[in-house]
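Take a look at the letters that make up each chain.
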Amino acid sequence: MKNIKYKIAILSLGIVALLTGCKKFLEESPDRRTEINTIEKLGQLLVTAYPDRHYYTFAEGASDNTEDKSAKNSLYNSEPFISLYNWNTPEGSGNGTPAEYWNACYRAVATANQALKSIEENNFGTAANQYKGEALVARAYAEFMLVTFFAEAYEIDGSNSSLGVPYPLEPETTARPTYERGTVASTYAQIRKDLEEGLPLLKGAKYQVPHYHFTEQAAKVFASRFYLFTGEWDKVISNVSTIYADGNFKTKIRQYTGELYPLSYDEHRIEYTKAEKPWNLLLSNTYSVFQRSSAAGGNRFSFGENAKNYYVGITVFGKAFRNRFGIYSSSPPNYTTNKFNEYFYYTNVQANTGYPYIMAPILTADEALLNRAEAYIRLAKEKADPSYFSLAINDLNDFASTRIVGYNQSTDGLTIAKAKTYFGLTDDYEAMIQSLLQTKRIAFMQEGLRWLDILRFKLTVKHNFVATDGTETFQTLPHGDKRRVFQIPQDAINGGITPNPR
Amino acid sequence: MKLVTVILLVSFLQVSAATYGQLVTIKEKKATLEKVIKEIKRQAGYDVLVSTDKMRSNTVVNAGFNNVSVEQVMDKILSGKDLTYSIEDKTILIKAREKSFIERIVDYFAAIKVTGIVRDKKDGLPMPGVSITIKGTNNTVVTNDKGEYQITTAEDAILVFRFIGYKTTEIAVNGKTKIDMSIEEDASQLKEVNIVSTGYQNLDRKLFTGSTSKINAKDAERNGIPDVSRMLEGQAAGVSVQNVSGTFGAAPKIRVRGATSLSGDNKPLWVVDGIILEDVVNISNEALSTGDANTLLGSSVAGLSPNDIESLTLLKDAAATAMYGARAMNGVVVVTTKKGKNTEGRTNINYTGTFTTYLKPNYNNFDIMNSAEQMSVLLEMENKGYLGHASMANAATGGVFTKMYNLMYDYDATNDSFALKNTIQDRLNFLSRYANANTNWFDVLFNNSLLQEHSLSATAGTAKSQSYFSTSFTSDNGQTLGDKVKRFTGNARHNVKFSDRLSLELLMNASIRDQKAPGTLTRQSDPVYGTYSRDFDINPYSYALNTSRLITPYDEKGNLEYFTRNYAPFNILNELESNYLNLRLLDIKIQAGLKFVVIPKLTYSVDGAYRYAASERNHYALENSNMAAAFRANGTTIINDNNQYLYKDPDNPAQPAYVVLPQGGFYNTTLNNIKNYYFRQNLDYDQTFAEKHRFNAFASMEVRFTDRQNSDYDGIGYQYENGGLVNPNYLYFKKMIEAGDPYFSMYYNKERNVGFATRVAYSYDNTYSINATFRYDGSNRMGTSSAVRWLPTWNVSGAWDLSQEKFYPKNKYLSSARLRGTYGLVANMGNASNSTALFYNRITYRPYDNEKETATYISSLANSELTWEKLYELNLGADLGLFNDKVNFTVDYYKRNIFDLLGNLKTSGVGGQNVKYANYGKMEAQGVELTIAGNPIQTTSGFKWRTQLNFAHNTNKVTQLDVDPNIWNLVSAEGAPMQGYAQRGLFSVVFDGLNPNYGYPTFIGTNGARHDPYIYFQSTTGSNYLKYHGPVDPTFTGGFYNQFSYKNFTLSTLFTFATGNYVRLQPSYSPQYTDLNSMSRDLINRWVMSGDEKYTNIPAVVDAFTLANRIYRPDGTTTDARYAYNAYNYSDQRVAKGDFVRLKNISLSYQIPQKLASKVKMSNMQISLVGNNIALLYSDDKLNGADPEFFNNGGVAMPIPRQYTLSIKAGF
């Protein structure tokens, strides 16, 4: 009996030893996942705090930069262009749809939230300030773009009590938590909080590839965009004016008449979105077919003859802006502004499989300059002080000097009188606004920013429709039309997010 | 010692023999020995003692003694017999005479042949397989199918009859030449059929209450089919085996009681000799049909030789699989391999050889246009504005028209002429050669080649130590020119019993595979237009089916004729020779088990195994392959601009695209390996109290460790023709690096599992049994959070043997009846591992080196609610024995409640992940399984009929699925789950007539609109307007096996059948057709002019303008024709029923008579003729003879061939 007890004792000892070994044994990581436990990894995580999809397709597709080129004259006729042009909600979340952009923005928000949580959990302290700033501003940016497209436009001095967009502040830990949309006002309040807390932390921020991150400069461009919507003109001006120490934009914005001038079409496309170019203050690598002839160029509802004519036409400055528009497959009116170079990310070169990308300039020096010009014009009216007009004109002229070949200040410079004549207007302010809008529409053709102006200036969008027999009809999308707010994606509605009224 | 005493005694006795002399008189012709001895005693007063059993009292002697001495009488009656006598104290002692050496040799030659029949004492039926050994020697024979044996032995030998489960019986020969024997069942020994092997325990069926099916390898033997997994076909109720590919190494789609998971692999767990067999690569059941190269590693049992298998046990219900707890949801296949037997030291050697030939597929089975029919369609297309010079001359892909245009522009300056004149007549002449070609691609690409298998095994053993060794070699020259395989297996198993308390088992098996397959890349899905594609696909079967019969493999001069693919010359024969995969796999398992009886009835055992498998897959693309040539196709500026395999250097945008593979081809390597440790210790307590109470308790603790690693390397610019020189162009690497495609990569995953299990069984009087199992599993797979790491599973079951009850009337009709019931929980681990957030790294997708940086991205958000997939199962079953248990009838009903299923869950996206992998699904399944098996007829004349009919009905329904899957998944051949429908339902876009003006197909749109030519395949909301056909898995499956044997002949047949499922026909319609692809005969009936839509549903070949501009949606907008035609491929017009009845196997064997066999020193020999996959007796007409089980997805997938095999088995 003694013997048996001894044996059982040994057995149970063995089992106990194995049990205690279990915990460690089961802690082995199942694969090559990583953890956010150093500041370096925190920095790496924030590389993905930017939307990796762009809004060009749908913002352009619904805007007046798009037209019906007729079935006969187009190369393709595919979704989502058809739905977008008709101000319907495209199905699914394929490339170029608002739903796809919604998901991408919230992915960026999730990364920012994770970064903020990691900073807290790891007690990184002030050493992580730059990254805290980046996370806050990146979150504010993504949320701002979401509220712009998926909620009613902000009304300066309005109640802004219509539905906002969900604004998660913590990483999600359960499969399907519920989210509330809040109001436009509450969304803006949180964006302001994040932006104003984050921006000061970005001072002196260092990045491996700065043009793909929120530097202080990029954050200020974003701030100027935000304050334009809230009507805080002084803040627009102060942010833009401190982007460059010397305050000189002329050499920083897109050099159409300078270094870009001699380039071939192919070279132009490549150089335009290179990170080293000073005008690209924030680039984002975005999955896209927008640049292909099968998408924005060759589709029936896309950048066509009318928009092209506007793009190459005589401007309020008296001359046309230099441009490098191109024709797809030698078949007008299938055009491109030739701004985007496709980068094909290969999953396998041998099999020729992968994903098309473009490096999307989402914040530029050009926008900053024109934002400030707008703020001056607005201030001129608000403060009834015409001296602001001349500040605006200075900015617009700086811009035109890089666009008009052989620019001559005295002949090509803008004046209020020129503007009034050009637009047939009598009001100084209106003429200045029209000058600004024209400049911006041409400057950012195919870059989606027109939609922001349509919202802010309550512009009516007019679309033509060409029947098979050639007859043309028109439809308009005036201010107040519910369809100006892109619908919440179907998946999100299914997931409990209140849809926008239709 | 004994011997010496006897010799001494004998010699002493002989010395004293002649001392006394007495006379006796006996006169009798036929006196019995007894009488003679009595007379001697009466007349001379001598006692006679007989100390040998060699003399019988009734032996008759011719006694004519007249007053002769006792000695004389004795000499006379013992003469000629090996006896001697001595006389002492008036006592005559008769005993055996010591033999001289010479006499012994003479004895040896004087051996006799003994024959006889061994029968079962119970029913008097002959018993095959009984071993008969001459006691004290290694000389053993085995009875044949009729229970007969023949053995050469000495007259005085003793024969020992042995059979598992029967009492060992001895009999002395005593000079007899015919000994018939009846042997009796040993109640104390269990009959083999009554043992259930769960992989953990070998249990008495009386104590076991779960639902299982046992398949003896002998019955399920499929000569000529080297993969063990095919042995399950049609043999067990509730097990469906779908042969989605016939390529060696590709697993069939096996389902035990249907699918249990929406996203998991749904594969049963394979357990070989008690050790879980982990897959080298994890391939889901759905992925098995993709034809991708890694499916060659899909069958985990491909390394086992079927000849080494003893039996397969299928564990089906929760009680049976309970010991596998958290891996048991999909059922378990327990494989038991052969082990050594007690052969009394003799070595038995067995050889099996099979020789198989394949039948080529035939065009009669497919509705493919012949070359003349196809030419007429192409000419129509030419009239409609296709196949013109501009589009064809520089086309990426082109057949006869491309060739024609290129020849028309092929100018020969020497005689100022073009290779082909541009006249109608010349063109027609050129085309007519192809119109008449009618190439038989099956003849060109398929072999009637030989598959041979040789397997040799040796077994030897004594009571204390038994060993089994085997080795096999399989060589398959391949069904087609593109495939070939060789496999070697080795198996060694040794059992030692050191004492009654300690025994040891050592096992080792190894296999090596060397396989060739057509070169292939991974299949790509394009859900926008609804197509799948595979670049450079050269699968011979898909090529034969998809290539126009206009195309000729050889030109008029008999040289290989090339057409255009990827802008480069292409000829399939050249390509198969110069673009291929080579797969080598080495798989070794070493296993040991120790059993120790701690105290009587309590056994401690420990098992450990180590397995290492490494595979290397090399993709060879030689310089003259189309794949390499495509990288050099640079003939014209148009090609230069369009050929994606060239490289446009962003640093030199003004330059034309570069050729980045100027020399050589590719040599790509993919390595997969697995390292697996398994350790388990068990305590087993088995006690019987007071005869009637039987109790068994079992406790087990196990640890599993699995590391998988895979890596791949791209070998660029390998110059096969130039001694293996590698001189790649740096631009290739520049392209790769800029493009973010790494030239090598390595991944690993690590699995750590711990399990504790206990099982208690009690049985009362063999009548009532009850069983309870509890298991606690731990795993690292769900991630680092410890909250979700552990899972308990449990099970209770019971059985009642009615026929053991006193009230049960003994009768021969329902001779036994047992009822079973089970309820319990089993689980499975899904593929999710995000209990905490998952972060991975990648390099950003940006074009320039100075813009790239390392990014960490959230691959999955945390899911604190993550858990295992689980199911509750209720199983009710009955085992009935009919007609004195000659026929067994087993029926099972089960109901399963499956929950916490993982699946892709669409979320609002606000959390940052639009599609999450989470536990959200629920499913219900139920089914009935029925098996009738037995030996209804067994006559004494030697006719025997064994039969087995099994069938199962299984249905499942998704009861909760929070979001609808997109249309593309629902309509794909693999199907998709949707709430309220089957686990994998096949849906279709509803065809809504052909457009009356242009003949393009229209459908019910995703918003319900009629006559819509546009289907948005990614829509998740339009599924309401789809048509549901049914599940893609059959709901009713079964097999019917019969074996008839008479004398030395055995005939067996296996039919398999299935019904209830639907299959998607191969997508074959498109708005325009190339001059390279084959076309369906259906196209003859296509829409040609308005009004045809009333008579046909086959869409038109639309003209080029209509294609782009006249495909009208109901709202008046126009769309691209590709949507309409691809949707047609996924419409209700392109679905067939999956029903089939198949003659799977037929086999005729002849056992060479023992007499003949023994002449060539064999103990037995058998010759069989076997046919496999002989005929598809019934299938849906819409399939036009194509196999409903086979998914023709190209790559390495091949259909199951029809094959004929000659098999030889010999034992020595």
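Look a little higher up for the structure.
Let us look at the structure shown here. (Residues numbered from 1 in each chain as written. Chains lettered and ligands numbered in written order. Predicted model: local features only at pLDDT ≥ 70, side-chain atom pairs only at ≥ 80, totals over all residues. Heavy atoms only, no water.)

1. Structural notes on the overall build of chain A
For step 1, the next point in the chain: Helices and strands together make up the secondary structure of chain A, namely 19 helices and nine strands.
For step 2, the next point in the chain: Overall size of chain A, expressed as C-alpha extent along the three principal axes, is 115 × 55 × 50 Å.
For step 3, the next point in the chain: Within chain A, counting contacts between residues at least 6 apart in sequence, those at least 24 apart form 70% of the total.
For step 4, the next point in the chain: Of the roughly 18500 Å² of accessible surface on chain A, 52% is carried by carbon and sulfur atoms. (Helix = DSSP H or I, 4+ residues; strand = E, 2+ residues; numbered from the N terminus. Contact = heavy atoms within 4.5 Å. Areas by Shrake-Rupley, 256 points an atom, 1.4 Å probe, with all protein chains shown as cover.)

2. Concerning the overall build of chain B
For step 1, the next point in the chain: Within chain B one finds 20 helices and 59 strands.
For step 2, the next point in the chain: With the C-alpha coordinates aligned to their principal axes, the bounding extent of chain B is approximately 135 × 75 × 65 Å.
For step 3, the next point in the chain: Within chain B, the proportion of its 1212 residues that are buried is 57%.
For step 4, the next point in the chain: Within the structure as shown, chain B displays about 49000 Å² of accessible surface, and the carbon and sulfur contribution to it stands at 55%.
For step 5, the next point in the chain: Taking the 125 positively charged and 116 negatively charged side chains of chain B as two groups, their mean positions are separated by 8 Å. (Buried < 20%, exposed > 50% of the residue type's maximum accessible area, 1.4 Å probe, protein only. Lys, Arg positive; Asp, Glu negative; His and termini not counted. Charge placed at Lys NZ, Arg CZ, Asp CG, Glu CD.)

3. A word on the environment of E873 of chain B
Residue and element names in this part refer to chain B.
For step 1, the next point in the chain: Along the chain, the position of E873 falls in strand β45 (residues 869-882).
For step 2, the next point in the chain: Considering only alpha carbons, one finds E873 and Q926, 53 residues apart in sequence, at a separation of 9.3 Å.
For step 3, the next point in the chain: The contact partners of E873, leaving out residues within four places of it in the chain, are R257, K316, D317, A318, T822, Y823, G824, Y894, K895 and R896.
For step 4, the next point in the chain: In this structure the side chain of E873 is engaged in a polar contact, spanning 2.7 Å, whose partner is the side chain of R257. (Polar contact = N/O pair within 3.5 Å; in protein donor to acceptor, adjacent residues only side chain to side chain.)

4. So, the packing of helix α8 (residues 216-230) of chain A against helix α9 (residues 233-241) of chain A
All names here are of chain A.
For step 1, the next point in the chain: Running from amino to carboxyl end, α8 crosses α9 at an angle of 165 degrees, the nearest separation of the two axes being 8 Å. The orientation of α8 with respect to α9, classified from their angle, is roughly antiparallel. Crossing hand, α8 versus α9: left-handed. On α9, the residues that touch K220, A223, S224, Y227 and L228 of α8 are W233, K235, V236, N239 and V240.
For step 2, the next point in the chain: Class assignment of the residues belonging to the contact of α8 with α9 gives a composition of six nonpolar, two polar and two charged. (Axes fitted to C-alpha atoms, helices over the stretch in contact; angles between N-to-C directions. Parallel < 35°, antiparallel > 145°, perpendicular 65-115°, else oblique. Left-handed = near helix turned anticlockwise from the far one by under 90°. Nonpolar A, V, L, I, M, F, W, Y, C, P; charged D, E, K, R; others polar.)

5. Let's talk about the interface of chain A and chain B
For step 1, the next point in the chain: With 82 residues of chain A in contact, the opposing surface of chain B contributes 103 residues.
For step 2, the next point in the chain: Where chain A abuts chain B, roughly 8100 Å² becomes buried across the two surfaces, and 57% of that area is made up of carbon and sulfur atoms.
For step 3, the next point in the chain: Among the residues chain A hides against chain B, the three largest losses belong to L26, R32 and Q350 of chain A. Together they make up 10% of the total.
For step 4, the next point in the chain: Counting the contacts that link chain A with chain B gives five salt bridges.
For step 5, the next point in the chain: Residue E28 of chain A pairs with K750 of chain B through a salt bridge whose shortest N-O separation is 3.4 Å.
For step 6, the next point in the chain: Here chain A is connected to chain B by 25 residue pairs in polar contact (both at pLDDT 80 or more).
For step 7, the next point in the chain: For the side of chain A that touches chain B, the elements supplying multiple residues, two or more each, are α1 (2-25), α2 (39-46), α5 (98-121), α10 (265-272), β6 (343-348), β7 (353-364) and α19 (490-494) of chain A.
For step 8, the next point in the chain: Take the side of chain A that touches chain B: its biggest share by element is nine residues, from α1 of chain A. (Buried area = accessible area lost by both parts, 1.4 Å probe. Salt bridge = Lys/Arg side-chain N within 4 Å of Asp/Glu carboxyl O.)

6. A short note on the packing of helix α7 (residues 371-383) of chain B against helix α10 (residues 424-435) of chain B
All names here are of chain B.
For step 1, the next point in the chain: Direction vectors running N to C along α7 and α10 enclose 140 degrees, while the axes themselves pass 9 Å from each other. Classified by the angle their axes make, α7 and α10 are oblique. Taken together, the residues of α10 that come into contact with α7 (itself represented by S371, A372, M375, L379 and E382) are R427, L431, Y434 and A435.
For step 2, the next point in the chain: Each residue belonging to the contact of α7 with α10 can be placed in one class, and the counts come to six nonpolar, one polar and two charged.

7. A look at the sheet that holds β6 of chain A
All names here are of chain A.
For step 1, the next point in the chain: The three strands lie next to each other as β2-β7-β6, forming an open sheet whose pairing is antiparallel. Of all strands in the sheet, those bounded by a partner on one side alone are β2 (280-287) and β6. The sheet shows a mean angle of 30 degrees between the axes of neighbouring strands, direction not considered.
For step 2, the next point in the chain: Here β2 runs beside β7; their pairing, made up of seven bridges, is antiparallel. Each bridged residue has a counterpart across the sheet, and for T286 the counterpart in β7 is I358. (Pairing = 2+ DSSP bridges.)

8. Topic: the pattern of salt bridges
All names here are of chain B.
For step 1, the next point in the chain: Tallying each qualifying case throughout the model produces 83 salt bridges over all chains.
For step 2, the next point in the chain: Put simply, D651 and K734 hold a salt bridge, and the shortest N to O gap is 3.0 Å. Separated by 83 residues along the polypeptide, D651 in the loop between α15 (637-642) and β35 (665-689) and K734 in helix α16 (residues 730-739) bring together distant segments of the chain.
For step 3, the next point in the chain: The exposure class of K734 is buried, given its relative accessible area of 19%.
For step 4, the next point in the chain: Each of E278, R327, E702, R704, R708, E751, R775, D777 and R781 takes part in salt bridges that share partners, so that together they form one network.

9. Considerations on empty space enclosed by the protein
All names here are of chain B.
For step 1, the next point in the chain: For the structure on display, the rule yields 16 cavities of 30 Å³ or more.
For step 2, the next point in the chain: Lining the largest cavity are 27 residues, and of these P226, G246, T247, F248 and Y358 sit closest to its centre.
For step 3, the next point in the chain: If you list the elements that add at least two residues to the lining of the largest cavity, you get β27 (484-497) and β28 (502-518). (1 Å grid on protein atoms, 1.4 Å probe; cavity = no way out; pocket = protein on both sides within 12 Å on 5 of 7 lines; lining within 4 Å. Points joined across faces, edges and corners; volume = space filled by probe spheres on them.)

10. Details of the side chain of R513 of chain B
Residues and elements named next belong to chain B.
For step 1, the next point in the chain: Mapped onto the secondary structure, R513 falls in strand β28.
For step 2, the next point in the chain: One buried charged residue, R513, forms no salt bridge at all, with the nearest opposite charge on D227 at 7.4 Å.
For step 3, the next point in the chain: Within the structure, the side chain of R513 is placed 3.0 Å from the backbone oxygen of L296, a separation counted as a polar contact.
For step 4, the next point in the chain: Beyond its immediate chain neighbours, meaning those up to four positions away, R513 contacts F248, G249, L296, L297, A302, V485, K486, R487, L583, R584 and L585.

11. Some points on the environment of V73 of chain B
For step 1, the next point in the chain: In this fold, V73 of chain B is placed in helix α3 (residues 70-78).
For step 2, the next point in the chain: Remark: the alpha-carbon pair of V73 of chain B and V36 of chain B, spanning 37 residues in sequence, is separated by 9.1 Å.

12. Here we look at the pairing of strand β46 (residues 887-906) of chain B
All names here are of chain B.
For step 1, the next point in the chain: Here β45 runs beside β46; their pairing, made up of 13 bridges, is antiparallel. Each residue of the ladder has a partner; that of L880, found in β46, is F889.
For step 2, the next point in the chain: If you look at the hairpin formed by β45 and β46, you'll find four residues sitting between the two strands, and F883 has a positive phi there, around 50 degrees.
For step 3, the next point in the chain: Alignment of β46 against strand β47 (residues 915-938), held across 18 bridges, turns out to be antiparallel. Its bridge partner being in β47, D892 is matched across the sheet by E929.

13. Describing α5 of chain A
All names here are of chain A.
For step 1, the next point in the chain: Taking 1.5 Å of rise per residue, 24 residues should cover 34 Å, and α5 covers 34 Å from first to last C-alpha, within 8% of that figure.
For step 2, the next point in the chain: α5 sits mainly inside the fold: 20 of its 24 residues count as buried.
For step 3, the next point in the chain: N123 lies just past α5 and shows a positive phi near 50 degrees. (Expected span 1.5 Å × (residues − 1).)

14. A closer look at the sheet that holds strand β11 (residues 169-172) of chain B
Residue and element names in this part refer to chain B.
For step 1, the next point in the chain: Pairing within the open sheet is antiparallel, and its four strands lie in the order β8-β7-β10-β11. This sheet does not close on itself; its edge strands, each paired only once, are β8 (140-142) and β11. Strand-to-strand twist of the sheet, defined as the mean angle between neighbouring strand axes without regard to direction, takes the value 25 degrees.
For step 2, the next point in the chain: Pairing of strand β7 (residues 131-134) with strand β10 (residues 158-162), which is carried by four bridges, proceeds in the antiparallel orientation. Bridge pairing links I134 to L159 in β10.

15. Structural notes on the side chain of Q446 of chain A
For step 1, the next point in the chain: Position of Q446 of chain A among the secondary structure elements: in the loop between α17 (428-443) and α18 (450-456).
For step 2, the next point in the chain: When sequence neighbours within four positions are dropped, the list of residues in contact with Q446 of chain A reads Y56, E60, N65, F290, A296, F303, Y335, T336, T337 and F340 of chain A.

16. Quick notes on the nonpolar core
For step 1, the next point in the chain: Core analysis: the biggest nonpolar cluster contains 145 residues, and Y55, W102, F149, F214, F222 and W451 of chain A have the highest contact counts within it.
For step 2, the next point in the chain: With sequence-adjacent residues up to four places away left out, F214 of chain A is seen in contact with Y50, E134, V137, A138, Y141, L202, Y207, A219, F222, L282 and L363 of chain A.
For step 3, the next point in the chain: Membership of the second largest hydrophobic core comes to 74 residues, among which are L573, I967, L1107 and A1197 of chain B. (Core = buried A, V, L, I, M, F, W, Y, C linked by side-chain atoms within 4.5 Å.)

17. Focus on the packing of aromatic side chains
Any aromatic ring pair is given by two values, namely how distant the centres are and how the planes are angled relative to each other.
For step 1, the next point in the chain: In the structure shown here, the tally under the stated rule is 93 aromatic pairs over all chains.
For step 2, the next point in the chain: Taking 5.2 Å as the distance between ring centres and 70 degrees as the angle between the ring planes, the aromatic pair formed by Y620 of chain B and Y667 of chain B counts as edge-to-face. Placement of the pair is Y620 of chain B in strand β34 (residues 602-621) and Y667 of chain B in strand β35, with a sequence separation of 47 residues.
For step 3, the next point in the chain: Owing to a relative accessible area of 26%, Y667 of chain B belongs among the partly exposed residues under this scheme.
For step 4, the next point in the chain: An aromatic cluster is present here, built from Y50, Y141, F144, Y154, Y188, F214, F222, F226, Y227 and F229 of chain A joined pairwise through their rings.
For step 5, the next point in the chain: One Lys or Arg, K403 of chain B, reaches over the ring of F563 of chain B and ends 4.5 Å from the middle of that ring.
For step 6, the next point in the chain: Positioned above the aromatic ring of Y434 of chain B is the side chain of R433 of chain B, whose terminal nitrogen or guanidinium carbon lies 4.8 Å from the ring centre. (Phe/Tyr/Trp six-rings, centres within 6.5 Å; stacked < 30°, edge-to-face > 60°. Lys NZ or Arg CZ within 6 Å of the ring centre and 35° of its normal.)

18. A closer look at a nonpolar patch on the surface
All names here are of chain B.
For step 1, the next point in the chain: A contiguous nonpolar patch, built from F774, Y776, W794, V796, Y823, L874, L876, Y893 and V928 and spanning about 750 Å² of accessible area, is present on the exposed surface.
For step 2, the next point in the chain: Contributing elements (two or more residues each) for the nonpolar patch: β40 (768-779), β41 (790-801) and β45.
For step 3, the next point in the chain: Locating V796 in the fold gives a position in strand β41. (Patch = residues over 30% accessible without salt bridge, like charges linked within 9 Å, V, L, I, M, F, W, Y side chains within 5 Å.)

19. A word on helix α6 (residues 129-150) of chain A
For step 1, the next point in the chain: Compared with the 32 Å implied by 1.5 Å per residue over 22 residues, the 31 Å span of α6 of chain A between its first and last C-alpha is a close match.
For step 2, the next point in the chain: Most of α6 of chain A sits out of view: 20 of its 22 residues are buried.

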